[in-house]
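# Secondary and tertiary structure notes
Listed here are the chains, written in short residue letters.
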Amino acid sequence: MFLTLPEYDKFMSLTWQLQDDKSELIEREKHLSDMFELSQRLKQQQASLDKISSALPAYPDFPSLMIFLNEKASESGLIVLRPDNVSTVYHVSGEEDTEQGSIGIKPIEFDLLLTGKYPSLKNFVRSVESSSRLIRISNIVATEDEDFDLYVYQITLETSFYQN
Amino acid sequence: MPEIIPRTKSRPPWWINLILAVALISLIAAVGGQIFFRISAKDLDRKIEDVKQQIVDLRTPVNQEMEKQLLTYQTQFKNFSQLLSQRYLTSKALDLLETTIHPEVLYENFMLDASEGKIRMLLSAQNYGIIGEQLMIFNNDSRLKRVETSNYERDKDGLITFRVILDFIPSIIQ
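## Considerations on the interface of chain B and chain A
At the junction of the two partners, chain B supplies 49 residues and chain A supplies 53 residues. When the two sides are added together, the surface that chain B and chain A hide from each other amounts to roughly 4900 Å², 67% of it contributed by carbon and sulfur. Along the contact surface separating chain B from chain A lie 5 salt bridges. In this structure, Asp95(B) engages Lys122(A) in a salt bridge whose closest nitrogen and oxygen atoms are separated by 2.5 Å. At the boundary of chain B and chain A, one finds 16 residue pairs in polar contact (both at pLDDT 80 or more). Where the side of chain B that touches chain A is concerned, the elements lending two or more residues are helix H1 (14-58), helix H2 (61-85), helix H3 (90-100) and strand E1 (106-113) of chain B. With 17 residues, H1(B) is the largest single contributor of residues to the side of chain B that touches chain A. Residue classes in the side of chain B that touches chain A are distributed as 24 nonpolar, 14 polar and 11 charged. With 5 bridges connecting them, strand E3 (residues 135-145) of chain A and E1(B) associate as antiparallel partners.

In structure tokens form, the structure reads like this:
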């Protein structure tokens, strides 16, 4: 009895441990298989993923945004006077950062001063709203420039980027 | 001559033999059991090591990278859907402005705040009759929640200027 019991206990304990480890292995294999399947399905939807990446770029990319806005303004018949209140902060990939809230969606908000006529403004607003990058126009202030029979529009734009 | 009579051997009682036999069998069983369990435990140890190794083998850099990528996508989808739900179209507020301003009323300036659902304007008209018609249009528009007018003045060109604040229903721009 005294000889066998400790060995028996050890045997039983190892049996339970083996069962637990086997369950964990099965669970992990299933998890991996699900991930693989999901990854394959996502690869088939690459076009949609590209759209999301385009809507939410990985960094502010303010220059590209300004190029886009200048093009749209020009196509609509407006002249961009200048951007205003621009400030973008982001952390480059791989940088050690323990700051809370540094990962996720980061907003960018700035003003754009334009001049032109009302129909041009409306075309511009529609073009910006239908762009692949998610841009919101939260504010429009229109003031008359009597000297040139035009309006000066101060537009507040809000967009976001994805901080990894 | 004396006769030698051999002494009869005294035999142990039968139950002592039985106890001895049982004890012997028990000892053999205990030693056998110990050996069996020890060998089995070693075998189980080896199997556990194998399973643990298989678990470790699953965590290849490729699999870890795939998991990280999927988690990134998951967060991105969640954030994207949140952003989409908060999206609004300011052009619809401009449509509202166009359809509610009287053809004979001019705007000198306006301030559209889509996030607050508010439009502030400085309007001008030739006479109070036109302003009355303008206010009637505002009153009959179900997209508007509140209309405030103030600062009625006649400017140097003889036009009546007045300030208007329109509060519109936020759902019209979503």
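## What about unusual backbone geometry?
Backbone geometry at Asn151(B) places phi at a positive 55 degrees, although glycine is not the residue there. Structurally, the position occupied by Asn151(B) is in strand E3 (residues 144-154).

## So, the nonpolar core
In this structure, Ile140(A), Phe110(B) and Met121(B) are the most contacted members of the largest nonpolar core, which totals 50 residues. Other than its neighbours up to four places away in sequence, Ile140(A) contacts Leu121(A), Val125(A), Tyr153(A), Gln154(A), Ile155(A), Thr90(B), Leu94(B), Phe110(B), Met111(B) and Leu112(B). Leu25(A), Met35(A), Met66(B) and Tyr73(B) belong to the second largest nonpolar core, which has 18 residues in total.

Rules behind the numbers
- Residues numbered from 1 in each chain as written.
- Chains lettered and ligands numbered in written order.
- Predicted model: local features only at pLDDT ≥ 70, side-chain atom pairs only at ≥ 80, totals over all residues.
- Heavy atoms only, no water.
- Contact = heavy atoms within 4.5 Å.
- Buried area = accessible area lost by both parts, 1.4 Å probe.
- Salt bridge = Lys/Arg side-chain N within 4 Å of Asp/Glu carboxyl O.
- Polar contact = N/O pair within 3.5 Å; in protein donor to acceptor, adjacent residues only side chain to side chain.
- Helix = DSSP H or I, 4+ residues; strand = E, 2+ residues; numbered from the N terminus.
- Nonpolar A, V, L, I, M, F, W, Y, C, P; charged D, E, K, R; others polar.
- Pairing = 2+ DSSP bridges.
- Core = buried A, V, L, I, M, F, W, Y, C linked by side-chain atoms within 4.5 Å.
- Buried < 20%, exposed > 50% of the residue type's maximum accessible area, 1.4 Å probe, protein only.

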